[in-house]
Amino acid sequence: MLLRIDHVGIACHNLNEKIEFYESVFGLTVVSREVNEEQGVREAMLHVADGDQGASYVQLLEPLHPDTAVGKFLAKRGEGVHHIGYGVADITKALAEISAKGVRLVDERPRHGSMGASIAFLHPKDIGGVLTELVETSRR
């Protein structure tokens, strides 16, 4: 079901500073910058590698406001890994299969994600405390 690690989402206070850090230290390149009002974030996707099942990225997330999910995460835990995103071929099918196995879904159906992908989150309490995102790419 899981094809690859699509991305690691990292919460940060200052998106521009973190982009500069990842570019200068790791040589990563920004391939997309977006503001996602629905999720309350300003984000950047930095390309890490390509593989047989698709590319992988670091996703940097800066909250638009302190009362967003990422804003609350930063207030409680500080900067760091916010979630892991796994690539899937068919997100609707994956959600049905995962739900049937007793895992609670944050998103009952897919929604718009970065770079045109369809995404859905799984409840972290059912995944060992890890906020997990499923990602069906839009043929990036």
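Each remark here, short or long, concerns the structure printed above.
Residues numbered from 1 in each chain as written. Predicted model: local features only at pLDDT ≥ 70, side-chain atom pairs only at ≥ 80, totals over all residues. Heavy atoms only, no water.

Q: Break down the overall build of the chain for me, citing the residues and quoting the values.
A: When helices and strands are tallied, the chain shows three helices and eight strands. For the chain, the sequential pattern of α-helices and β-strands runs β-α-β-β-β-α-β-α-β-β-β. Taken over the C-alpha trace, the chain has a radius of gyration of 15 Å; the compact-globule value for 140 residues is 14 Å, and the two agree within 12%. Dimensions of the chain, computed from the C-alpha atoms along their principal axes, are close to 40 × 35 × 25 Å. A total of 140 residues make up the chain; the buried ones form 44% of that total. (Helix = DSSP H or I, 4+ residues; strand = E, 2+ residues; numbered from the N terminus. Rg over C-alpha atoms; globule rule 2.2 N^0.38 Å. Buried < 20%, exposed > 50% of the residue type's maximum accessible area, 1.4 Å probe, protein only.)

Q: Hey, could you go over helix α1 (residues 15–26) for me, with residue numbers and the actual values?
A: With twelve residues, α1 extends 16 Å from end C-alpha to end C-alpha; this agrees with the ideal 16 Å at 1.5 Å per step. Taken together, the buried positions of α1 are occupied by L15, I19 and Y22. Buried residues of α1, viewed axially, fall in a sector of 70°; they line one side. Facing away from the buried surface of α1 by more than 90 degrees, the exposed residues are E17, E20 and S24. Its side-chain oxygen at 3.1 Å from the backbone nitrogen of N16, N14 defines the N-terminal cap of α1. Looking one or two places after α1, you find G27, whose phi comes out positive at around 70°. (Expected span 1.5 Å × (residues − 1). Arc of directions from axis to C-beta. Polar contact = N/O pair within 3.5 Å; in protein donor to acceptor, adjacent residues only side chain to side chain.)

Q: Residues and numbers for the packing of aromatic side chains, please.
A: Tallied over the full model, the rule gives three aromatic pairs. For the ring pair Y22 and F26, a centre distance of 5.5 Å and an interplane angle of 40° mean the geometry is tilted. Residue Y22 and its partner F26 are located together in helix α1, separated by four residues, close to a single helical turn. Judged by relative accessible area, Y22 falls into the buried class, the value being 13%. A relative accessible area of 51% means that F26 is categorised as exposed. Three or more aromatic residues joined by ring pairs form one cluster here, namely F21, Y22 and F26. Lying over the aromatic face of F21, K18 brings its terminal NZ or CZ to 5.8 Å of the ring centre. (Phe/Tyr/Trp six-rings, centres within 6.5 Å; stacked < 30°, edge-to-face > 60°. Lys NZ or Arg CZ within 6 Å of the ring centre and 35° of its normal.)

Q: Could you give an account of the pattern of salt bridges, with specific residues and numbers?
A: This model, assessed by the stated rule, comprises six salt bridges. Measuring nitrogen to oxygen at the nearest pair gives 3.4 Å for the salt bridge that ties E79 to K18. Within this pair, whereas E79 is found in the loop between α2 (69–77) and β5 (80–87), its partner K18 is found in helix α1, the two being separated by 61 residues in sequence. Under the relative-accessibility criterion, K18 is labelled partly exposed at 24%. (Salt bridge = Lys/Arg side-chain N within 4 Å of Asp/Glu carboxyl O.)

Q: How would you sum up unusual backbone geometry? Please name residues and give values.
A: Backbone geometry places M115, a non-glycine residue, at a positive phi of 55°. The residue M115 is located in the loop between β6 (111–112) and β7 (118–122) in this model.

Q: Describe the sheet that holds strand β8 (residues 132–136), with residues and values.
A: The strand order across the open sheet formed by eight strands is β2-β3-β4-β1-β5-β8-β7-β6, and the pairing between neighbours is mixed. The open sheet terminates on both sides in strands that have one partner only, identified here as β2 (29–36) and β6. Bridging between strand β3 (residues 41–51) and strand β4 (residues 54–63) involves ten bridges; their strand directions are antiparallel. Bridging from a neighbouring strand, R42 pairs with E62 of β4. (Pairing = 2+ DSSP bridges.)

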